[in-house]
Amino acid sequence: MQRAAARALRGARSPQVLIPPGLSGPGLSGPGLSGPGLSGPGLSGPGLSGPGLSGPARTPPVRARSATAGTPPLGLLYERHGEAAAVVQLKDLEVPKLGDCDVHVKMLAAPINPADINMIQGTYPVLSPLPAVGGNEGVGEVLEVGHRVTALKPGDWVIPANAGLGTWRTRGVFPEEMLLKVPSDIPVLCAATLSVNPCTAFRLLADFESLVPGDSVIQNAANSGVGQAVIQIARASGIKTINVVRDRPDLPKLVERLMALGADHIITEEMLRKPEIKDIFKSIPRPRLALNCVGGKSTTEMLRHLQPKGTMVTYGGMAKQPVMVPVSAFIFRDMRLRGFWMTQWRKDHAQGLQRILLGQYKSSAEATPKMDGGSQVFTLL
């Protein structure tokens, strides 16, 4: 499946992306960067995890703007927890002196994931010390390195090795061990969104059921970043996908886009509850694996269509409602319910951290169709 995953990710939709000022090039400007929002209290869902946690980056102190101070780096910083629109401020930052083992990085792009909003709100399981620069994911270009840095050089592209780096800034100085080098010949938006959603999708498909070509999976929020990565990895692995999305006025466009990624069946939440869904299983087997990032009634309805002894994995809760399971599902069908958090997986596998999904992964942030959620975008102007 690992090889299939690397081949598959050609059009997965990435989260909103912050583009620092002065960056130009294909796909990095214009209306293509007004993607789906992730605002709203208590937001959670796909991509809620970050790549490991070994301590936050040094947060540069804030200083007042000065017209004579040159061009200090800018950052989206919060000094207290609360709603992002109320507590996040665009401020000048000071870059610490470059140490022997440090790397000076110019950020190229950084996404806004639901977990980033949760951290600002103070509701995420892991929080950065305050004051903190927002953002756990992104890609930057190395400007200079300390004389003891051996694995990186100016011009290299890097992504955070751990959560809490604070990527919503134009420049920063970080210890070498907090950065991972990535190829510089992949699209910048792909590199910026590489470490959360695609990795989550891969682990969901690989770790809970031994799927083989011809098997099927069912997932809700199929148009999320994780959902689209699941579609592509499954397609390349010969696994059929049943994809549940919320109804919307532009549903035909969404269906067309997901089908182009390799989706086999696309249904709405309402269709999931109708008897006609059984017609799908005339051509493909009932799924052995269900992937849930919504909760509530959607979870219950998906569970009804699993094979006996099937597994449902919850990795998010966009509906902010509990997972509801009938007692009969446990007694008579022996269903298994599991949970997944990418951050914990990385902590558990820190010694053998895999760098996967680099190959042909292509972000489709340029397309900017709406995803289940809000519509707010933060940009560094």
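Conventions and cut-offs
Residues numbered from 1 in each chain as written. Predicted model: local features only at pLDDT ≥ 70, side-chain atom pairs only at ≥ 80, totals over all residues. Heavy atoms only, no water. Phe/Tyr/Trp six-rings, centres within 6.5 Å; stacked < 30°, edge-to-face > 60°. Helix = DSSP H or I, 4+ residues; strand = E, 2+ residues; numbered from the N terminus. Axes fitted to C-alpha atoms, helices over the stretch in contact; angles between N-to-C directions. Parallel < 35°, antiparallel > 145°, perpendicular 65-115°, else oblique. Contact = heavy atoms within 4.5 Å. Nonpolar A, V, L, I, M, F, W, Y, C, P; charged D, E, K, R; others polar. Core = buried A, V, L, I, M, F, W, Y, C linked by side-chain atoms within 4.5 Å. Buried < 20%, exposed > 50% of the residue type's maximum accessible area, 1.4 Å probe, protein only. Pairing = 2+ DSSP bridges.

J.: What's the story with the packing of aromatic side chains in this structure? I'm lost.
T.: Aromatic rings in a pair are described by how distant their centres are and how their planes are angled relative to each other. Going through the model one piece at a time under the given rule, you end up with 2 aromatic pairs. A centroid spacing of 6.1 Å and a plane angle of 90° characterise the contact between Phe208 and Phe340, whose relative ring orientation is edge-to-face. Taken together, the residues span a long stretch of sequence, with Phe208 in the loop between α5 (197-207) and β10 (216-219) and Phe340 in the loop between β15 (336-339) and α11 (342-348) at a distance of 132 residues.

J.: What is the right way to read the packing of helix α6 (residues 225-236) against helix α7 (residues 251-261) from this model?
T.: A pair of packed helices can be characterised by two numbers: the angle between their axes and the separation between those axes. Put simply, α6 and α7 touch, their axes get as near as 8 Å, and they point 40° apart. Our classification of the angle between α6 and α7 gives oblique. Two secondary-structure elements touch here, α6 through Gln228, Ile231 and Gln232 and α7 through Arg257, Leu258 and Leu261. For the contact of α6 with α7, a count of residues per class yields 3 nonpolar, 2 polar and 1 charged.

J.: Even after reading the chapter, I still don't get the nonpolar core, so can you show me in this structure?
T.: Taken as a class, soluble globular proteins show a tendency for nonpolar side chains to be buried jointly. Of all hydrophobic cores here, the largest spans 24 residues; its most connected members are Leu204, Leu205, Leu289, Leu291, Val313, Tyr315 and Phe340. When contributions to this core are tallied by element, the ones reaching two or more residues are α5, α6, β13 (289-292) and α11. By size, the runner-up hydrophobic cluster in this structure holds 17 residues, among which are Val88, Leu93, Ala110 and Ala132.

J.: Explain the sheet that holds strand β2 (residues 74-78) here, please?
T.: Strand pairing in a sheet relies on backbone hydrogen bonds, with the paired strands running either antiparallel or parallel. Within the open sheet, the 3 strands sit side by side as β3-β2-β5. Their pairing is antiparallel. Strands at the two margins of the open sheet, each flanked by one partner only, are β3 (88-92) and β5 (132-133). The pairing of β2 with β3 spans 5 bridges and is classified as antiparallel. Counted as the bridge partner of Leu76 is Leu90 from β3.

J.: In this structure, what is going on with the sheet that holds strand β11 (residues 240-245)? I would like to understand it.
T.: Across the sheet, 6 strands lie side by side as β12-β11-β10-β13-β14-β15; this open sheet has parallel pairing. The sheet is open, and its two borders are formed by β12 (265-268) and β15, each paired with just one other strand. Ignoring strand direction, the axes of neighbouring strands in this sheet form an average angle of 20°. Where β10 meets β13, 3 bridges bridge the pair, whose relative direction is parallel. Within β13, the position partnered with Val217 by the bridge is Leu289. Packed on one face of the sheet, α7 meets β11 and β12 and runs near 150° to β12.

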